[in-house]
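Examination of the molecular architecture
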Amino acid sequence: PGAALLAWVQEAAPGLVRIEHARFTAPLRPGESARLELERDGDRLDFTVLGAAGPCLRGVGRVKDLR
């Protein structure tokens, strides 16, 4: 399950070079819906996966410049 969430981040973030850190904060149960939020600032990418009870994954990655 955790690997699937990280794969979701990788698929949704064009130019993602690496995930610097990720913290799982709550379980995401089978069948539970979730929302992925991405916020980019320069080459920094903050990501959060929100489940029904709130955040279940937060982390920071680095993206390459796509210009």
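Our subject is the structure that appears above.
The following refers to the structure shown. (Residues numbered from 1 in each chain as written. Predicted model: local features only at pLDDT ≥ 70, side-chain atom pairs only at ≥ 80, totals over all residues. Heavy atoms only, no water.)

Thoughts on the overall build of the protein
The condition that has to hold: Helix and strand assignments come from DSSP, with helices taken as H or I runs of at least 4 residues and strands as E runs of at least 2, each series counted from the N terminus. Two things to know: the radius of gyration comes from C-alpha atoms, and the globule rule equals 2.2 Å times the number of residues to the power 0.38. When a residue's accessible area, from a 1.4 Å probe over protein chains only, is under 20% of the maximum for its type it is buried; when over 50% it is exposed; and in between it is partly exposed. Each accessible area value is a Shrake-Rupley result obtained with a 1.4 Å probe; residue values ignore everything except the protein chains displayed when judging cover. When charges are counted, Lys and Arg are positive and Asp and Glu negative, with His and the chain ends excluded. Where a charge sits is defined by one atom per residue type, namely NZ (Lys), CZ (Arg), CG (Asp) or CD (Glu).
The helix and strand inventory of the protein stands at one helix and four strands. Taking 2.2 N^0.38 as the reference for a compact globule, 67 residues should give roughly 11 Å; the C-alpha atoms of the protein span a radius of gyration of 12 Å, in line with that estimate. With the principal axes as the frame, the protein shows a C-alpha extent of 40 × 15 × 15 Å. Taking all 67 residues of the protein together, the buried fraction comes to 27%. Of the roughly 4600 Å² of accessible surface on the protein, 49% is carried by carbon and sulfur atoms. For the protein, the centre of its 10 positive side-chain charges and the centre of its 9 negative side-chain charges are spaced 3 Å apart.

Notes on the pattern of salt bridges
Rules: Criterion for a salt bridge: a side-chain nitrogen of Lys or Arg within 4 Å of a carboxyl oxygen of Asp or Glu.
If you walk through the whole model with that rule in mind, you get five salt bridges. A salt bridge links Arg44 to Asp46; its shortest N-O distance comes to 2.9 Å. Residues joined by salt bridges that share partners form a network here, namely Arg18, Glu20, Asp43 and Arg62.

Some thoughts on the sheet that holds strand S4 (residues 54–63)
What counts is decided by this rule: Any two strands between which DSSP finds at least two bridges are classified as paired. In this analysis, axes come from line fits to C-alpha atoms, helices being fitted only over the stretch in contact, and the angle between any two N-to-C directions falls in the range 0 to 180 degrees.
Strand order in the open sheet made by the four strands is S1-S4-S3-S2, with antiparallel pairing throughout. With one partner strand each, in any of the chains shown, strand S1 (16–24) and strand S2 (35–41) form the two edges of the open sheet. Ignoring which end each strand starts from, the neighbouring axes of this sheet average 20 degrees apart. Direction of pairing for S1 relative to S4: antiparallel, over a ladder of seven bridges.

As for the side chain of Thr48
Stated precisely, the cut-off is as follows: Any two residues whose heavy atoms approach within 4.5 Å at even a single point are treated as in contact.
Note on placement: Thr48 falls in strand S3 (residues 44–51). Among the residues examined, Thr48 registers a relative accessible area of 17% and is labelled buried. Beyond its immediate sequence surroundings of up to four residues, Thr48 is in contact with Arg35, Leu36, Glu37, Pro55, Leu57 and Arg58.

Structural notes on the nonpolar core
This is how it is decided: Residues grouped as a nonpolar core are buried Ala, Val, Leu, Ile, Met, Phe, Trp, Tyr and Cys residues, joined through side-chain atoms within 4.5 Å.
Of all hydrophobic cores here, the largest spans seven residues; its members are Leu5, Val9, Leu36, Phe47, Val49, Cys56 and Leu57. Looking at this core, the elements that each hand over two or more residues are helix H1 (2–12), S3 and S4. What Leu57 contacts, discounting residues up to four positions off in sequence, is Leu5, Leu6, Ala22, Arg23, Phe24, Thr25, Phe47, Thr48 and Val49.

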